[in-house]
Amino acid sequence: MAKILVTGGTGYIGSHTVVELLEDGMEVVIVDNLSNSEREVVNGITSITGKEPHFEEVDLRERNATYGVFEKHPDISAIIHFAAFKAVGESVEKPLEYYENNLLSLIHLLEAMKKFSVNHLVFSSSCTVYGEPDELPVTEKAPIKNAGSPYGNTKQICEDILQDTMRSIKGKGVISLRYFNPIGAHPSAKIGELPLGVPNNLVPFITQTAAGIRECLSVFGDDYNTPDGSAIRDYINVVDLAKAHVTAIRRLLNQKQKSNFEVFNLGTGRGLSVLEIIHAFEKSTGQKLNYKVVERREGDIEKVYADTAYANSELGWRAEKGIEETLQSAWKWEMNIRSKNNRT
Ligand code: NAD
Ligand code: WQD
């Protein structure tokens, strides 16, 4: 049974991926410092799968502690590296914390891969590396644009570090997965996204507004060059996204890579506007949303959605869940955490 190290495995995308790995018969070691997640998530994972992942509370900024995980688990065959800080706005306020956390964590893992002879790594990248693309849908060959934020820049630098390292370490392989906009939750509602404070992302803001925690959703701009004037994104169900990681791990373990650094877009291939998301949420949940149109948000791009042809044909993966099912899962999760935490 392959043993997979999942960094950031109690986080939003990591926890859903751990579920899919366990359900696929793999053994999982989670490494997380709980800076943006809770230990309780491991119980949710265990309750869904009936299997318990190993959990190591370790900060990847600490090299020796990171090495300690590999000493304790000498049979790790591959790594999925989710652990990072991810808030775009916060990264502008605290750039050094973002560079330190996101770059140092990756460097320590790459050092450990060399030292402990681990050959495979899947990296969490982002469509943010494309900026405002010249052509849509955006393919993996689209040029990397100037990062709009320190966060976005860490993803670009990490991809550069990975590419350079793969040139120098023969026999190892990396797959970088560029996520578009992950949303929704596990259908069991036992795990999901846990935004701290006021959410920056659209869907958590929608569910919190419908739940009465926020008064009104602000739609950032209706004067974009899009059919209804609001901005367009490619929203991908987090369970579909998680499954792509299992496929990527299998590709690495079965040595099916075409080169030792590969990149795949993970999206649905379909662009939806903010207003379309609002209407789909209302239709699929029966909840009326209080919203108003305000000014554009600084730094936002007009439209981006993925060309998924390469991921479909070469990785053998495609997104399966529709937007209404996905928004329903986000709503079910919101209801669940609200009843648990008694949030108002
Ligand atoms: P998340 O914050 O829910 O999960 C990240 C996890 O990493 C958290 O549990 C956190 O505690 C942990 N972590 C952070 N720094 C760590 C460190 N130094 N040592 C150990 N653990 C640490 O975020 P997420 O939404 O699940 O994102 C996962 C990855 O996907 C990130 O790399 C993110 O940049 C990337 N990504 C996310 C999105 C998105 O919209 N959610 C989009 C594109 C890419
Ligand atoms: C989606 C759309 C907003 C909130 C971010 C990161 C990106 C990636 C994914 C990590 C936009 C609009 C939002 C609100 C709104 N993360 N919106 N009212 O900005 O596409 O991408 O998450 O890699 O790097 O930048 O996602 O969910 O914030 O916004 O109208 O209250 O919803 O303007 O058009 P975004 P988002």
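Everything that follows concerns the structure shown earlier in this document.
None of these values were measured; they are calculated from a predicted model.

**Structural notes on helix α2 (residues 41–49)**
- Considered for burial, the residues of α2 that qualify are Val-41, Val-42, Gly-44, Ile-45, Ile-48 and Thr-49. Along the axis of α2, the buried residues cluster in a sector spanning 160 degrees; they form a single face.
- Looking at the buried residues of α2, the elements they touch are α1 (12–23), β2 (27–32) and β3 (54–57).
- Gly-50 sits one or two residues past α2 and shows a positive phi near 75 degrees.

**Some remarks on the pairing of strand β1 (residues 3–7)**
- For β1, the tally of buried residues reaches five of five residues, placing the bulk of the element in the interior.
- Covered by surrounding structure in β1 are Lys-3, Leu-5 and Thr-7 together with Ile-4 and Val-6, the residues of both alternating faces.
- Bridging between β1 and β2 involves five bridges; their strand directions are parallel. Within β2, the position partnered with Leu-5 by the bridge is Val-29.
- The parallel pair β1 and β2, bridged by α1, forms a crossover whose chirality is right-handed.
- Sheet topology note: the β1/strand β4 (residues 76–81) ladder contains five bridges and is parallel. Considered in β4, the bridge of Ile-4 is made with Ala-78.

Conventions and cut-offs
- Residues numbered from 1 in each chain as written.
- Chains lettered and ligands numbered in written order.
- Predicted model: local features only at pLDDT ≥ 70, side-chain atom pairs only at ≥ 80, totals over all residues.
- Heavy atoms only, no water.
- Buried < 20%, exposed > 50% of the residue type's maximum accessible area, 1.4 Å probe, protein only.
- Helix = DSSP H or I, 4+ residues; strand = E, 2+ residues; numbered from the N terminus.
- Arc of directions from axis to C-beta.
- Contact = heavy atoms within 4.5 Å.
- Pairing = 2+ DSSP bridges.
- Right-handed = clockwise from strand over helix to strand, strands pointing away.

Spatial relationships are all this shows, so hold off on functional conclusions.
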